[in-house]
Amino acid sequence: MINKINKKLIKNKFLKAKPFNYVVIDNFWNKKTANLLHKEITKFSLKNTNAHYDNAIEKKLVCNHYDKFDHNLYNAFSYLNSSLFLQIIKKITGIKKIIPDIGLHGGGLHIHPSGGKLNVHKDYSIHPKLKMERRLNLIIYMTKNWKAKWGGELQLWSHDKKKNQPLKLEHKILNKFNRAILFDTTQNSWHGLPNEIKMPKGTLRNSIAIYYLTQPRKKSERRGKALFSPTEKQKNDKNVLTLIKKRANENLATKTYRMK
């Protein structure tokens, strides 16, 4: 399903990357698979999404139910969670005892409509069901003919140790079709797309997300919820700061996001 990966080269890039271990892999799926997936995702009904986020720090829709996926998308998630692909992940990262989150908790098909956003954040560190440590995130962009002027690029930030918050924007990764990003989520890995996306009517920012887990390490964080950071404009907004605290400590009630 995927193109051949130079694992040695990719591993070298992954381990040397800053501000945390990550690597970009273009032309991830082979051409036939990429086109089949694009066709199914483009036709995917927003009514089939099972999580809708509409608040000041996060606006997106998610589907992580296999029974909602058509044939090729179902197979794609199955492959990314397979022992065959897991061997590739192990060779790239050097992490040997790792397993996929086949339940797609926090993963699945992610959809951002126009106006969508995701404040810079650190993912939760301990899986709420399996009690394992979330170590890696794989994201694959699935919208063809993406224009940089629309925004929606993935931002990678360095870490402020004293304040436990993002310090400096280090990289912007364009939302290019069939581009994959693999990164370690445990290295104070601040990431997000904090600026509202401005796309033409009918265009959606689609991506596939998968997580990989290990047994918790002794020095790993024990964060059960994602930790978000306010944007520059939100830093003095008490409502946003309260929302971030609430989001970090308990389930945030979600609302249906209405398309603009």
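Everything here concerns the structure above.
What you are looking at is a predicted structure, and each value in this text was computed from that prediction instead of being measured. (Residues numbered from 1 in each chain as written. Predicted model: local features only at pLDDT ≥ 70, side-chain atom pairs only at ≥ 80, totals over all residues. Heavy atoms only, no water.)

1. Points about the overall build of the chain
Under the convention used in this document: Strands here mean DSSP runs of E at least two residues long; helices mean DSSP runs of H or I at least four residues long; both are numbered from the N terminus. The size measure is the radius of gyration over C-alpha atoms, and the globule rule it meets is 2.2 Å times the number of residues to the 0.38 power. Any residue under 20% of the maximum accessible area for its type is buried, any over 50% is exposed, and the rest in between are partly exposed; the area is computed with a 1.4 Å probe on protein chains only. Note on definitions: a residue-residue contact is assigned when non-hydrogen atoms from the two residues lie within 4.5 Å. Here the open area of atoms and residues is found with the Shrake-Rupley method and a 1.4 Å probe, where only the protein chains shown may cover a residue.
When you go through the chain residue by residue, the secondary structure sums to five helices and 13 strands. A compact globule built from 260 residues should have a C-alpha radius of gyration of about 18 Å, and the chain, at 17 Å, falls within 12% of that. For the chain, the C-alpha atoms occupy an extent of roughly 50 × 45 × 35 Å along the three principal directions. Scored against the burial criterion, the 260 residues of the chain give a buried share of 55%. For the chain, the proportion of contacts with a sequence separation of at least 24, taken over those separated by at least 6, is 79%. Summing over all exposed atoms, the chain offers an accessible surface of approximately 13700 Å²; the carbon and sulfur share of this is 50%.

2. Some remarks on unusual backbone geometry
Excluding glycine, residues mostly have negative phi values, and the peptide bonds linking residues are mostly trans. Look at the link from K18 to P19: it is a cis peptide, with omega at 10°. One can find P19 in the loop between α1 (7-16) and β1 (22-25). With a phi angle near 50°, N27 is a residue other than glycine that sits in the positive phi range. One non-glycine residue with positive phi stands out, namely K131, at about 60°. For K131, a relative accessible area of 53% puts it in the exposed group.

3. Some remarks on the packing of aromatic side chains
To keep things clear, this is the line we draw: Pairing of aromatic side chains here covers Phe, Tyr and the six-membered ring of Trp, requires ring centres within 6.5 Å, and sorts the geometry by plane angle: under 30 degrees stacked, over 60 edge-to-face, intermediate tilted.
Summed over the entire model, instances satisfying the criterion amount to ten aromatic pairs. Aromatic side chains F28 and F85 sit 6.0 Å apart centroid to centroid with 85° between the ring planes, which places their arrangement in the edge-to-face category. Here F28 is found in the loop between β1 and α2 (31-43), whereas its partner F85 is found in helix α4 (residues 83-93), with 57 residues between them in sequence. Per residue, the accessibility class of F28 equals that of F85, and both read buried.

4. Let's talk about the nonpolar core
Test applied: Among buried residues, those of type Ala, Val, Leu, Ile, Met, Phe, Trp, Tyr and Cys that are joined through side-chain atoms within 4.5 Å constitute a nonpolar core.
Judged by nonpolar contacts, the single largest core of 42 residues is most densely connected at F28, W29, L80, F85, L138 and Y212. Judged by nonpolar contacts, the second largest core, of twelve residues, contains L193, I197, M199 and I244.

5. Digging into the packing of α1 against α4
Stated formally: Each axis is a line fitted through C-alpha atoms, and for a helix only the stretch in contact is used; angles between axes span 0 to 180 degrees, taken between their N-to-C directions. When describing relative orientation, an angle under 35 degrees is termed roughly parallel and one over 145 degrees roughly antiparallel, while 65 to 115 degrees is termed roughly perpendicular and anything else oblique. For this scheme, ten residues count as nonpolar: Ala, Val, Leu, Ile, Met, Phe, Trp, Tyr, Cys and Pro. Four count as charged, namely Asp, Glu, Lys and Arg, and the remainder, Gly too, count as polar.
One way to put it is that α1 packs onto α4 with a least axis distance of 7 Å and a crossing angle of 50°. By the angle between their axes, α1 is oblique relative to α4. Contacts between α1 and α4 involve K7, I10, K11, F14 and L15 from the former and I88, K91, I92 and T93 from the latter. Here the contact of α1 with α4 is built from residues that sort into five nonpolar, one polar and three charged.

6. Examining the layout of surface pockets
Worth spelling out the cut-off: Using protein atoms alone on a 1 Å grid, points that fit a 1.4 Å probe yet trap it form a cavity, whereas open point sets bounded by protein on both sides within 12 Å along at least five of seven lines form a pocket; residues with an atom within 4 Å of a point count as lining. Grid points are joined across faces, edges and corners, and a volume is the space filled by probe spheres set on the points.
Considered as a void within the structure, the largest pocket measures approximately 740 Å³ in volume. For the largest pocket, the lining is made up of 38 residues, of which Y53, E58, K60, G106 and R247 are closest to its centre. At the level of secondary structure, the elements contributing two or more residues to the lining of the largest pocket comprise β2 (51-54), β3 (58-63), β5 (108-112), β6 (117-122), β7 (133-141), β11 (190-193) and β12 (205-214). If one sorts the elements of the lining of the largest pocket by residue count, β12 sits on top with five residues. If you go around the second largest pocket, you meet 21 residues; those closest to its centre are S229, P230, T231, E232 and K235. When residues of the lining of the second largest pocket are traced back to their parent elements, those giving at least two are β8 (154-160), β9 (165-173), β13 (227-228) and α5 (238-249). Split by residue class, the lining of the second largest pocket holds eleven nonpolar, six polar and four charged.

7. Quick look at the pairing of β7
Convention followed: By definition, two strands form a pair when at least two bridges between them are found by DSSP.
Extensive coverage of β7 is indicated by the burial of nine of its nine residues. Bridge analysis of β7 against β12 gives eight bridges, and the strand direction is antiparallel. Counted as the bridge partner of N137 is Y211 from β12. Bridge analysis of β7 against strand β10 (residues 180-184) gives five bridges, and the strand direction is antiparallel. Note that in β10 the partner of L136 across the bridge is D184.

In short, the description is geometric, and any link to function would need to be established separately.
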